[in-house]
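Okay, here's what each chain looks like letter by letter:
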Amino acid sequence: MSGQGPAVNKGMNTILVCQESYACGGSDEAVFECDECGSLQCARCELELHRQERMRNHDRVRVAPGHVPFCDSCKGDGSCSGRLRAVVRCQGCKINLCLDCQKRTHGGVNKRKHPLVPYPPAKAPQENSVSAGESDMEILKSKLEKVCSFLLVDEKEEMQVKDEKDFVSRLGCSSDELLKVVSIFGNTGEGKSYTLNHTFFLGREVFKTSPTQESCTVGVWAAMDPLHRVVVIDTEGLLGAGANQGQRTRLLLKVLAISDVVIYRTHADRLHDDLFKFLGDASDAYLKHFTRELKATTTRCGLDVPLSTLGPAVIIFHETVHTKLLGSDTPSESAERLLQERFRKLGLFPEAFSSIQYRGTRTYNPPTDFSGLLRSLEQQLDNNTTRSPRSASVIFKALQALSERFSGEIPDEHMNSNSFFPDEYFTCSSICLSCGSGCKRSMNHLKEGLDHEAKHRCRYSAQYDNRIYTCKACYERGKEVIVVPKTTASSDSPWFGLAIYAWSGYVIECPNCSVIYRSRQYWYGNQDPVETVVRTEIQHIWPGKCHKCGEEFQPNDTKHHCRACGEGFCDACSSKTRPVPERGWGLAPVRVCDACFHNRGIPTELLDAALEEEGGTLIARKVGEAVQNTLGAVVGAIDIPLGLVKDAARPAYWVPDQDIHSCCECQREFSPRLSIHHCRACGQGVCDDCSQERRPVPSRGWDHPVRVCNGCNQKAGEL
């Protein structure tokens, strides 16, 4: 029977108190000592305990004045010569120890600082223990009085500590002190903060507790345990009510990643599946997303101590009232073996954790006994095989790096996942505009200069025209040369090139092989370039930033699209214009990016000619007239309707001439004496009298004044 003693007064154990707390709450004076229970008991606890059938035959002795109990550590295990009486009682472990057992079991770094209270008689060796016990208790209490918790990360995953110096200052430790991290997880209302307070801080309310229905812990809080040199971290409860649940859950995994020991606290009488699901999903996410990032953080931050890629040790702290502890009715199997079997049945494999340990306690009457949990924690903290202690600055840098990498809002559609930690919590949220495939890289990878990478191959979309051509001949020679359709070949003069375009169509020119394709090279039977001279590759179209300068679009920024390549640009990177007939924009200059302006289409002298015209008159009319005159001479010979050819050189949104019968404004029918004009805003056919006004139409790529109908001219704002 493991007992829990109450807080003992300073000095010697002149009055022995009940160590069971079964019926008295631990405040009554001890009257009996039960050797088989291994505890001192008051009259009430002795009576209630030994009414039970299995405990009726226990041997008890009455406690006399000056009574000293036996050592709990050396009884019956042969470690000491005979059965020795205790010299001190360890308040941390809640056990009685003889002098030899005290030296043997409390010689480690952590247990050496446990508060010890001595028993009489006061012999020389015991006098040393008395003074040591009083000294340790006073030092510990004075240190704990200064400890207070602070908010480390809020519920929106934003760091609340400025830098490493601020973190060290709030912990109250030295910058070169080597520390470990212990964190706690569990469902809301399970008493996580209470557990930390009584395990590490002798019951002081370092972490806030509350009897109300609202959660008292929001975000991640931290405090320093000066005795064990441990950064203790308290977290929000799972299954709680509140906004940003996806971000709050992701925050838990960041804390888990920097921890050396994780306590999973449960007060359920039986272990629920959500405990195993949480640990299993956390293990998978840790291995998939965090192992690589921790390695990168070590290199990027120049850390002296490498961050372990193996996860923390896990202690499942299970407190029951009405049910037996795990493994108590199957002595042949350990509790840890039963845990692994439970994981296996659920199809979960928590391979990321260095160990998973079960520590249970059955509370017949409060308060809870945390001594077993403390002993398990100290065993894990003394083990430096997997994870070594490191300075506070290393702990801070690791958490900061994870916060910067895995941050941002999580869409609501990801909240319905069956996993506690779905991949969407940690991967880039960008979606290809063409095929809808998501990027498989980690969050914020663009900051490291890594482009988006899709999970699947893309599909062609006419809206984005995301097909790339490469020269087939160059590819067969071991080179990959991208080629693009354009109006004229580089060897053609501007005006003659446009006339050739109207006659022979667009061209595809390779810098190595010259012109490799003309769309209307023959009278009939022209083959598709894909079947003859080029290879195609479909590229993904990613949203969210300027295509050239890489700056993120702000909410008030205007996005522009290049009429040649279809990518998104800011105004500064797409200020030039040129005709893009190969994309269906006709012969009028439209907005293009700087790269497409220099790489494709009409040389700059055409643009200069346009700018020199009075009032910025559109060059398209001059070009169109030249082409139409050329076509007029040719069409008579080949008997092709002139209007049909002219329509091929007009923007796609213009209504074809053959479909226009009357002016959209005055309703007069068109005739050879009443010419058809097109409004550059709506694309409808209009007569000259109803389209006298000139206005820029940026939405159609016309940034300078062009012909618009009266109806569009009367519209307020930008067209």
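Everything that follows concerns the structure shown earlier in this document.
Residues numbered from 1 in each chain as written. Predicted model: local features only at pLDDT ≥ 70, side-chain atom pairs only at ≥ 80, totals over all residues. Heavy atoms only, no water.

**Observations concerning the overall build of the protein chain**
Along its length, the protein chain carries 18 helices and 27 strands. Out of the 719 residues in the protein chain, the part that is buried amounts to 48%. Expressed as a percentage of contacts within the protein chain between residues at least 6 apart in sequence, the contacts between residues at least 24 apart total 59%. Carbon and sulfur atoms make up 48% of the accessible area of the protein chain, which amounts to about 35400 Å² in all. (Helix = DSSP H or I, 4+ residues; strand = E, 2+ residues; numbered from the N terminus. Buried < 20%, exposed > 50% of the residue type's maximum accessible area, 1.4 Å probe, protein only. Contact = heavy atoms within 4.5 Å. Areas by Shrake-Rupley, 256 points an atom, 1.4 Å probe, with all protein chains shown as cover.)

**A few points about unusual backbone geometry**
Residues Pro366 and Pro367 are joined by a peptide bond in cis, for which omega reads 5 degrees. With respect to the secondary-structure elements, Pro367 resides in the loop between strand S13 (353–362) and helix H9 (371–382). Unlike most non-glycine residues, Leu202 shows phi in positive territory, near 55 degrees. If you trace the backbone, Leu202 turns up in the loop between helix H5 (192–200) and strand S9 (220–225). Located in the positive-phi region is Gln667, a residue other than glycine, with phi close to 70 degrees. Relative to the assigned elements, Gln667 resides in the loop between helix H17 (642–648) and strand S24 (677–678).

**Focus: the sheet that holds S13**
Spatially, S7-S9-S10-S8-S11-S12-S13 is the arrangement adopted by the seven strands of the open sheet, whose pairing is mixed. Taken across any chain shown, the strands that pair with only one partner, and hence form the sheet edges, are strand S7 (150–153) and S13. Each neighbouring strand pair of the sheet contributes to a mean axis angle of 25 degrees, computed without reference to strand direction. The pairing of strand S8 (residues 180–185) with strand S10 (residues 230–234) spans five bridges and is classified as parallel. Bridging from a neighbouring strand, Ser183 pairs with Ile233 of S10. On the sheet, helix H8 (residues 335–345) packs against strand S12 (311–320) and S13 and is oriented at approximately 115 degrees with respect to S13. (Pairing = 2+ DSSP bridges. Axes fitted to C-alpha atoms, helices over the stretch in contact; angles between N-to-C directions.)

**Remarks on H8**
Listing the buried residues of H8 in full gives Ala335, Leu339 and Phe343. An end-on view of H8 places all buried positions within 85 degrees of arc, on one side of the element. Of the residues one or two after H8, Gly347 is the one with positive phi, at around 70 degrees. (Arc of directions from axis to C-beta.)

**Some points on the packing of aromatic side chains**
Applying the stated criterion to the full structure yields nine aromatic pairs. Seen from their ring centres, Phe150 and Phe167 are 6.3 Å apart, and the 75 degrees between their planes marks the pair as edge-to-face. One end of the pair, Phe150, is in strand S7; the other, Phe167, is in helix H4 (residues 164–171), and 17 residues separate them in sequence. Phe167 shares its class with Phe150; the two are buried. Here the aromatic rings of Phe185 and Phe278 are separated by 5.9 Å at their centres, their planes lie at 45 degrees, and the arrangement is tilted. Placement of Phe185 in strand S8 and of Phe278 in helix H7 (residues 273–301) is noted, with a sequence separation of 93 residues between them. Both residues of the pair, Phe185 and Phe278, count as buried. (Phe/Tyr/Trp six-rings, centres within 6.5 Å; stacked < 30°, edge-to-face > 60°.)

**Observations regarding the pairing of S12**
Extensive coverage of S12 is indicated by the burial of 10 of its 10 residues. Bridge analysis of strand S11 (residues 261–266) against S12 gives six bridges, and the strand direction is parallel. Looking across to S12, one finds that Val261 is bridged to Ala313. Pairing of S12 with S13 involves nine bridges; the strand directions are parallel. Each bridged residue has a counterpart across the sheet, and for Ala313 the counterpart in S13 is Ser355. Regarding the hand of the β-α-β motif, the stretch spanning S12, H8 and S13 is right-handed. (Right-handed = clockwise from strand over helix to strand, strands pointing away.)

**Regarding the sheet that holds strand S15 (residues 482–483)**
Pairing is antiparallel in the open sheet, where three strands are placed in the order S15-S14-S19. Edge positions in the open sheet fall to S15 and strand S19 (534–538), since each of these has one partner strand only. Inspection of the sheet shows strand S14 (residues 467–471) paired to S15 by two bridges, in the antiparallel sense. For Thr470, the partnering residue across the bridge sits in S15 and is Ile482.

**Focus: the environment of Thr235**
With respect to the element layout, Thr235 can be found in the loop between S10 and helix H6 (245–258). If we ignore the near neighbours within four places in the chain, the residues touching Thr235 are Ile184, Phe185, Lys192, Thr217, Gly219, Leu252 and Val255. A polar contact of 2.5 Å, which involves the side chain of Thr235, links it to the backbone oxygen of Ile184. (Polar contact = N/O pair within 3.5 Å; in protein donor to acceptor, adjacent residues only side chain to side chain.)

**Some remarks on the packing of H4 against helix H10 (residues 392–405)**
Each packed pair of helices is defined by two parameters, the angle between the axes and the distance between the axes. Between H4 and H10, the least distance of the axes is 9 Å, while the angle of their chain directions is 120 degrees. By the angle between their axes, H4 is oblique relative to H10. For H4 against H10, the interelement crossing comes out right-handed. Contacts from Glu164, Phe167, Val168 and Leu171 of H4 reach H10 at Ala392, Ser393, Ile395, Phe396 and Lys397. By residue class, the composition of the contact of H4 with H10 is six nonpolar, one polar and two charged. (Parallel < 35°, antiparallel > 145°, perpendicular 65-115°, else oblique. Left-handed = near helix turned anticlockwise from the far one by under 90°. Nonpolar A, V, L, I, M, F, W, Y, C, P; charged D, E, K, R; others polar.)

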